[in-house]
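Structure assessment
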Amino acid sequence: MGNSNACCVAPQGQRGKKKDRSDVYAPEPEVPKEESSANLQHISDREVAEDHEEDPSNHPRASTIFLMKSTAPNGKVLELTSHHRSDGLLVHHSSKKRNNHHINHQQESPNNLNKKFSSCSTIYIDDSTVSQPNLKNTLKCVALAIYYHIKNRDKEEICKTLDIFDEKNHPLTKDSVPDNYDSIEPEHRHIYRFIRTLFSAAQLTAECAIITLVYLERLLTYAEIDIAPCNWKRIVLGAILLASKVWDDQAVWNVDYCQILRDITVEDMNALERQFLELLQFNINVPSSVYAKYYFDLRSLADANDLIFPVEQLSKERAQRLEATSRACEEKMKEGNKPELKRTVSAENMSPRLSRVVLS
């Protein structure tokens, strides 16, 4: 015991110190479950800021802004005046006539006379689905949503915008911009023609139009700006530019848009795209549930404004194609629900394999 090298001698710096038992048996701090690696959130779930929890472009249950803008405070759908209608978009009857159509049939909109209804022997369906929307009608619906955004903005307050979107500072054409450019509200047909020109020249799809509307409303929410007569063209152009690159596999380059809008420079397009992304906080993710919500809300907007989607009678050949597509989807779902095969197999469960031998 007198040996200085004995193991029971305390180190020189700790001699005479008594160790507390609570330190010895103190339990290790537990790692919270939410911080453990097994329960980490996916990046797509964490990229939404807390300030935008009710943002309709991120959450499928939040109501879309354009649908709220198209509805009056009393819950009735707002009307388009006769000089605001576009090609193929008929003026719908008033809400009063809509509610009293069973009393006076002569007051019905002539558009309703063109509607076809399915029966037991005949089924009418349109060619627009959530996975393959009709391009022409989708563009009209998106233009109508933008129209209501501009028309029903808060006009009592000063328009909140940014320099990059101002058409006076960054004109799209060489034509002189009028002094009252910020007070001339565009008609629905003007918005539709502007969007149709870009989509036709760039050969974009109808799905890209829906993504464009998602990015537009996300920009208005994140940047806290208004879409108004002074900036709607550049906001729509930036949303289309970004949506085409995110959605389409073969994206249109910025220089290609300069061939469509010949008076704009590539540097201006690059600056527009860069600032648009920064204002979105680089959040370009669009969940499938949000995409489906915007599609069906656009269908509701079209129905409220008597925008008829082309329908045709269900033929035998088309019914067979739909049945084949449905069967393929069911088989795909069954294959996805099958349990995964084990990589290793026990030797007891292995059946003996016989090898063929050639006898000479």
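These notes cover the structure that comes with them.

What counts, and at which threshold
Residues numbered from 1 in each chain as written. Predicted model: local features only at pLDDT ≥ 70, side-chain atom pairs only at ≥ 80, totals over all residues. Heavy atoms only, no water. Helix = DSSP H or I, 4+ residues; strand = E, 2+ residues; numbered from the N terminus. Buried < 20%, exposed > 50% of the residue type's maximum accessible area, 1.4 Å probe, protein only. Polar contact = N/O pair within 3.5 Å; in protein donor to acceptor, adjacent residues only side chain to side chain. Contact = heavy atoms within 4.5 Å. Salt bridge = Lys/Arg side-chain N within 4 Å of Asp/Glu carboxyl O.

Structurally, the position occupied by Arg 153 is in the loop between α6 (135-151) and α7 (188-202). Among the residues examined, Arg 153 registers a relative accessible area of 17% and is labelled buried. At a separation of 2.5 Å, a polar atom in the side chain of Arg 153 contacts the main-chain carbonyl oxygen of Ile 150. A polar atom in the side chain of Arg 153 sits 3.3 Å from the side chain of Glu 185. If we ignore the near neighbours within four places in the chain, the residues touching Arg 153 are Lys 69, Glu 185, Ile 227, Ala 228 and Pro 229.

The tally for this structure, following the rule as stated, stands at six salt bridges. Linking Asp 268 and Arg 234 is a salt bridge whose minimum nitrogen-to-oxygen distance equals 2.9 Å. Highlighted residues: Asp 268 in helix α11 (residues 266-279) and Arg 234 in helix α9 (residues 232-247), separated in sequence by 34 residues. Note that Lys 245 is salt-bridged to Glu 273, the shortest N-O span being 3.0 Å. Of the two residues, Lys 245 is situated in helix α9 and Glu 273 in helix α11; the sequence distance between them amounts to 28 residues. We classify Lys 245 as partly exposed; its relative accessible area is 31%. By relative accessible area, Glu 273 is classed as buried at 16%.

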